[in-house]
Amino acid sequence: MAITAQTPIYLIPKSDPSVKQWEQAFTYFEAPEIDTFTIDVYEELVAFKHVAMVQEMITALQHYPHLIEKMMFSIDFKFTEIEDSNLYLPEDCWKSEPKYYQWFAELSKLPIMVFFINDEDARYYTLLGDMLASGDLPVTPLENNERSQISLEGVEWRKFIERLFNSCSMMMLFCHNTGFNPEPYIQSLLADMDVSALWDDIYKKYQEDVMKNVRFKAVKVAA
């Protein structure tokens, strides 16, 4: 089945004010010596699950296609211990608090966010954060700072696969005709999560969506 749509499938139009608002930050990130996009997240933002700013950045990124690849798995979140200071929570603290799982779950209402997060555990939180926060999933901590093991089966496993599939399918559309092919990164993520077999179905869904002239509709929420 041939893919025929010739233009990108934008989440927001280029005229949206956020596209211009992020120009300075993206210009900074273009510098060759910068390979991580660090974002400070204040306690209040976590408490109220405010994620609009980060989501807005990624929707604007679509209009800076030369930076999409550099942004892949590059966002490093630092959670402040005291606002407007250089005091940050240690990694093991925010990785053991349900409110941070919930924050990442909220972030994933833009499903492609999983592809821009640097921390491997946090990528899982975008897909499973609500279930982790509720205690529905048993987690086995590992020693020596290794990644915790999350046991998935039954309904939880099906939810995980559905969310991951949706994230990958949307990522294909997000990058459509931007000049960047996300396939190697999608394949890499699937391999990391031991579900490489999903790729064929993801690509088939992408082809079908393009042929159906699928379009995005981004809905803005309060910051």
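Scoring rules and cut-offs
Residues numbered from 1 in each chain as written. Predicted model: local features only at pLDDT ≥ 70, side-chain atom pairs only at ≥ 80, totals over all residues. Heavy atoms only, no water. Helix = DSSP H or I, 4+ residues; strand = E, 2+ residues; numbered from the N terminus. Areas by Shrake-Rupley, 256 points an atom, 1.4 Å probe, with all protein chains shown as cover. Polar contact = N/O pair within 3.5 Å; in protein donor to acceptor, adjacent residues only side chain to side chain. Contact = heavy atoms within 4.5 Å. Buried < 20%, exposed > 50% of the residue type's maximum accessible area, 1.4 Å probe, protein only. Expected span 1.5 Å × (residues − 1). Arc of directions from axis to C-beta. Core = buried A, V, L, I, M, F, W, Y, C linked by side-chain atoms within 4.5 Å. pLDDT = per-residue confidence, 0-100. Axes fitted to C-alpha atoms, helices over the stretch in contact; angles between N-to-C directions. Left-handed = near helix turned anticlockwise from the far one by under 90°. Nonpolar A, V, L, I, M, F, W, Y, C, P; charged D, E, K, R; others polar.

(A) Representation of the overall build of the chain in the model. From N to C terminus, the chain includes eleven helices and four strands. Total accessible area on the chain is roughly 12,000 Å²; 49% of this is exposed by carbon and sulfur atoms.

(B) A look at unusual backbone geometry. At Lys49, a position not held by glycine, the phi torsion is positive, near 55 degrees. Along the chain, Lys49 falls in the loop between helix 3 (43-47) and helix 4 (52-61). The residue Asp194 is not glycine, and still its phi comes out positive at about 60 degrees. On the secondary structure map, Asp194 appears in the loop between helix 10 (183-192) and helix 11 (199-211).

(C) Main features of the side chain of Thr178. As for its placement among the helices and strands, Thr178 is situated in the loop between helix 9 (154-174) and helix 10. Here the side chain of Thr178 touches Phe180 through a polar contact of 3.3 Å, landing on its backbone nitrogen. Each residue touching Thr178, except ones within four places of it in the same chain, is listed here: Pro8, Pro65 and Ile68.

(D) Looking closely at the environment of Lys99. Turning to its location among the elements, Lys99 is positioned in helix 7 (residues 98-107). For Lys99, a relative accessible area of 29% translates into the label partly exposed. Here the alpha-carbon distance between Lys99 and Val46, two residues 53 residues apart in the chain, equals 6.9 Å. Residue contacts for Lys99: discarding those within four places in its chain leaves Glu43 and Val46. Separated by 2.5 Å, the side chains of Lys99 and Glu43 make a polar contact.

(E) Helix 11, seen in detail. For helix 11, built from 13 residues, the straight-helix expectation of 18 Å at 1.5 Å per residue is met to within 8% by its first-to-last C-alpha distance of 19 Å. Listed as buried for helix 11 are Trp199, Ile202, Tyr206, Gln207, Asp209 and Val210. Taken end-on, helix 11 shows its buried residues confined to a sector of 165 degrees, consistent with a single buried face. Contact partners of the buried residues in helix 11: helix 9 and helix 10. Trailing helix 11 by a residue or two, Asn213 shows a phi angle of about 60 degrees, which is positive.

(F) Main features of the nonpolar core. Counting 72 residues, the largest nonpolar core has Ile58, Phe77 and Phe116 as its most contacted members. Among the elements that make up this core, the one with the highest residue count is helix 9 (nine residues). Once residues within four sequence positions are removed from consideration, Phe77 is found in contact with Ile39, Val41, Val54, Trp103, Phe104, Leu107 and Ile117.

(G) Layout of helix 4. Along helix 4, eight of the ten residues are buried, which leaves the element largely enclosed by surrounding structure. Among the residues making up helix 4, those that are buried are Ala52, Val54, Gln55, Met57, Ile58, Thr59, Ala60 and Leu61.

(H) Structural context of the environment of Leu87. Position of Leu87 relative to the elements: it lies in the loop between strand 2 (75-79) and helix 6 (91-94). Excluding anything up to four places from it in sequence, Leu87 contacts Thr80, Glu81 and Ile82.

(I) Highlighting the confidence of the model for the chain. Mean pLDDT for the chain: 88, with 86% of residues reaching 70 or above. By mean pLDDT, the top-scoring element of the chain is helix 5 (residues 68-71) (98), and the lowest-scoring one is strand 3 (residues 139-140) (59).

(J) Representation of the packing of helix 7 against helix 8 (residues 120-134). Where helix 7 contacts helix 8, the two axes come as close as 7 Å, and the packing angle between them is 115 degrees. Crossing angle aside, the handedness with which helix 7 passes helix 8 is left-handed. Judged by residue contacts, Pro98, Tyr101, Gln102, Phe104 and Ala105 of helix 7 engage Ala122, Tyr125, Thr126, Gly129, Asp130, Leu132 and Ala133 from helix 8. Residue classes in the contact of helix 7 with helix 8 are distributed as eight nonpolar, three polar and one charged.

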